[in-house]
Amino acid sequence: MVTLRAVDGGGAGRAHALGRVIAMVNDKGGVGKTSLVANLAGQLAAADYRCLVVDLNRQANLADDLGYRDDEDDDQGAGLVLSILTESPLTPVEDVRPGLDVVPGGARLADLVPLMVSRLQERGRAAFDVLAEVLAPTAEPYDVVFVDCPPESTILTDLALTAARWIVMPTKSDVGGLVGMRLVAERFAVARERNPDLALLGAVLFATGTRSRRVHAELRGAVAAAFGGHSPLFATVIRHAERSAQDARRLGRLAHELELEVAAQPAWWASLRAGSTATPRLSTAAAGVAADYRDLGVELLTLLRAAEESTTGRDVEAM
Ligand SMILES: Nc1ncnc2c1ncn2[C@@H]1O[C@H](COP(=O)(O)OP(=O)(O)OP(=O)(O)O)[C@@H](O)[C@H]1O
Ligand SMILES: [Mg+2]
């Protein structure tokens with residue numbers, strides 16, 4: 001297994017603290033951004049990596065996937081807006097899962113857009129640095145930080161791309177996903193003017209139901225076309241499993257948590273014999289989906305480690 005030691009608190013400042021910030025981006029909606037963020041962060045946290053997720057979505061599906069919607073701590077984005085307004089460090093909700101903290105999104109994020117519009121008028125594009133500034137002191141103790149980006153939201157996505165070191169871009173293999181990817185590439189190019197370290201860690205095929213080489217080759221071609229010949233692609237594909245995804249969002253459970261519950265549920269014939277129709281049975285596909293996220297997590301850590309070794313050679317180890 002690959003492990004990453006926590007980043008030291010050394011003096012390299014903001015860039016150092018933000019070195020493990022991953023923006024999950026695609027302008028196209030419904031391509032798996034939130035599912036990937038929730039499950040990757042959840043599995044990495046379960047494997048003892050400290051993870052932080054920042055939710056930049058007004059609809060906040062992350063709250064559904066992690067099961068904290070309307071909990072006492074779910075401020076629907078108010079804390080995030082306040083941090084940006086006052087330019088003070090983000091304050092995450094701790095231990096949404098052991099080792100997994102979250103800065104919630106939600107309806108209150110609507111206030112961010114007018115705030116950013118007026119800041120842009122005052123400060124020009126330097127205004128986009130604010131998320132990096134409020135995230136850097138908070139990000140310090142985490143092994144990995146994910147920013148769940150919204151679809152079709154330029155200002156919020158620009159904030160994320162100015163704070164992140166890496167982009168991970170889920171896509172489906174259809175035309176819509178590929179158009180979304182081109183739009184990301186355009187914003188990526190602009191964001192790099194302020195954040196030259198930003199790089200594409202890879203694209204991920206999401207819920208495709210196929211591992212065919214042709215689909216992979218087509219995706220690689222599309223990423224290369226969008227990103228000027230650069231086309232990193234995760235080998236792991238998240239399999240199509242719609243019922244399992246519905247179970248997950250309805251119950252606020254991650255795929256690896258459902259996997260355990262599926263294993264514990266009585267055999268279908270036992271429920272049938274007992275005449276139990278009260279609780280719908282969980283889809284048995286959860287185990288396969290959980291395995292995909294596990295593989296993707298290992299691939300992601302391996303890529304981060306390799307990138308860090310090649311650029312700095314600092315403070316990283318494999319076991
Ligand atoms: N493995 C899967 N197979 C099929 N469908 C899935 C799978 N995982 C998640 N889904 C479903 O895909 C839909 C979109 O997923 P998700 O919300 O993660 O996408 P998104 O890119 O974050 O969307 P948005 O841009 O609207 O925020 C959801 O309805 C979810 O239940
Ligand atoms: Mg989403």
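Bear in mind the structure is a predicted one, so any value in this text is a computation, not a measurement. (Residues numbered from 1 in each chain as written. Chains lettered and ligands numbered in written order. Predicted model: local features only at pLDDT ≥ 70, side-chain atom pairs only at ≥ 80, totals over all residues. Heavy atoms only, no water.)

### A short note on the site of ligand 1
Spelled out, the test is: By convention in this text, a residue qualifies as near a molecule or strand provided that one of its non-hydrogen atoms is within 4 Å of it. Within 3.5 Å is the distance limit for a polar contact, defined as a pair of N or O atoms, with the added protein rule that one can donate a hydrogen and the other accept it, and that residues adjacent in sequence qualify only through two side-chain atoms. Working definition of accessibility: Shrake-Rupley area with a 1.4 Å probe, residue cover restricted to the visible protein chains. Buried and open spaces are told apart on a 1 Å grid over the protein atoms alone, a cavity being a set of points where a 1.4 Å probe fits but cannot get out and a pocket being an open set with protein on both sides within 12 Å along at least five of seven lines. Residues with an atom within 4 Å of a point are the lining residues. The rule for placing a molecule in a cavity or pocket is simple: more than half of its atoms must lie within 2 Å of the grid points.
Around ligand 1 sit 18 residues, and of these Gly30, Lys33, Ser35, Arg239 and Ala241 come closest. In the environment of ligand 1, a nitrogen atom lies 2.8 Å from a nitrogen or oxygen atom belonging to the backbone of Arg239. Relative to its unbound accessible area of 640 Å², ligand 1 is 83% covered by the protein chains. The cavity where ligand 1 resides is the largest pocket.

### What to know about the sheet that holds strand E4 (residues 100-103)
Filter applied, for reference: If DSSP finds at least two bridges between two strands, the strands pair. Secondary structure elements are taken from DSSP: a helix is a run of H or I of four residues or more, a strand is a run of E of two residues or more, and numbering for both begins at the N terminus. Angles shown run from 0 to 180 degrees and are taken between the N-to-C directions of axes, each axis being a line fitted to C-alpha atoms and, for helices, limited to the stretch in contact. The contact criterion used is simple: two residues touch if any of their non-hydrogen atoms lie within 4.5 Å.
Reading across the sheet, the seven strands line up as E3-E4-E2-E5-E1-E6-E7 and stay open at both edges, with mixed pairing between neighbours. In this open sheet, the two edge strands, each paired with only one partner strand, are strand E3 (93-97) and strand E7 (199-205). Adjacent strand axes in the sheet meet at a mean angle of 25° when their direction is disregarded. With two bridges joining them, E3 and E4 adopt antiparallel strand pairing. In the strand pairing of E4, Arg97 is matched with Leu100. The strands that helix H9 (residues 213-226) touches are strand E6 (166-171) and E7; relative to E7, the one it contacts most, it runs at about 150°.

### Thoughts on the nonpolar core
Soluble globular proteins tend to bury their nonpolar side chains together. For the record, the criterion: Put simply, a nonpolar core is a bunch of buried Ala, Val, Leu, Ile, Met, Phe, Trp, Tyr and Cys residues held in one set by side-chain atoms that sit within 4.5 Å of each other. Type-normalised accessible area, obtained with a 1.4 Å probe on protein chains alone, sets the label of each residue: buried when under 20%, exposed when over 50%, and partly exposed for intermediate values.
Residues Val54, Leu131, Leu135, Leu159, Ile167 and Phe227 are the most contacted members of the largest nonpolar core, which totals 55 residues. With seven residues, helix H6 (residues 130-139) is the largest single contributor of residues to this core. Not counting residues up to four positions away in its chain, the partners in contact with Leu135 are Leu18, Val21, Leu52, Val54, Leu90, Val145 and Ala163. Among the nonpolar cores identified, the runner-up in size contains 43 residues, and Ile22, Leu40, Ala41 and Phe206 belong to it.

### Here we look at the side chain of Arg97
Along the chain, Arg97 turns up in strand E3. Relative accessible area serves as the criterion here: at 15%, Arg97 is assigned to the buried category. From its side chain, Arg97 meets the backbone oxygen of Leu66 in a polar contact 2.9 Å long. In this structure Arg97 touches Asp65, Leu66, Gly252, Arg253, Leu254 and Glu257, once residues within four positions along its chain are discounted.

### A look at the pairing of strand E1 (residues 21-24)
Burial along E1 is two-sided: Val21 and Ala23 facing one way and Ile22 and Met24 facing the other are all buried. The pairing of E1 with E6 spans three bridges and is classified as parallel. Looking at the pairing, Ile22 lines up with Trp166 of E6.

### Concerning the pattern of salt bridges
Definition in use: Should a side-chain nitrogen of Lys or Arg be within 4 Å of a carboxyl oxygen of Asp or Glu, the pair is scored as a salt bridge.
Summed over all chains, the structure comprises 16 salt bridges. Salt-bridge contacts for Glu87 lead to Arg119; the nearest nitrogen and oxygen are separated by 3.5 Å. On the criterion of sequence distance, the pair formed by Glu87 in the loop between helix H4 (78-86) and E3 and Arg119 in helix H5 (residues 112-123) is long-range, its members being 32 residues apart. Classification of Glu87 by relative accessible area gives partly exposed; the value is 37%. Given the relative accessible area of 6%, Arg119 is considered buried. The closest approach of N and O atoms between Arg305 and Glu309, which form a salt bridge, is 3.6 Å. Here Arg305 pairs with Glu309, and both are found in helix H13 (residues 286-311), just four residues apart, close to one helical turn. We classify Arg305 as buried; its relative accessible area is 16%.

### Here's the deal with the confidence of the model for the protein chain
Our working definition: Every residue carries a pLDDT, the predictor's confidence in it, which falls somewhere between 0 and 100.
On average, residues of the protein chain score 87 in pLDDT, and 86% of them are at 70 or above. A low-confidence stretch, residues 313-319 (pLDDT under 50), is modelled with 21 contacts involving residues beyond four sequence positions or located in other chains.

### Comments concerning a negative patch on the surface
This is how the line gets drawn: For patches, a residue must show more than 30% relative accessible area and have no salt bridge; joins then use 9 Å for like charges and 5 Å for nonpolar side chains, namely Val, Leu, Ile, Met, Phe, Trp and Tyr. Note on charges: Lys and Arg go in the positive column, Asp and Glu in the negative column, and His and the chain ends are not counted at all. One atom stands in for each charge, and that atom is NZ of Lys, CZ of Arg, CG of Asp or CD of Glu.
On the surface, a cluster of negative charge is made up of Asp70, Asp71, Glu72 and Asp73. For Asp70, the position within the fold is in the loop between helix H3 (61-65) and H4.

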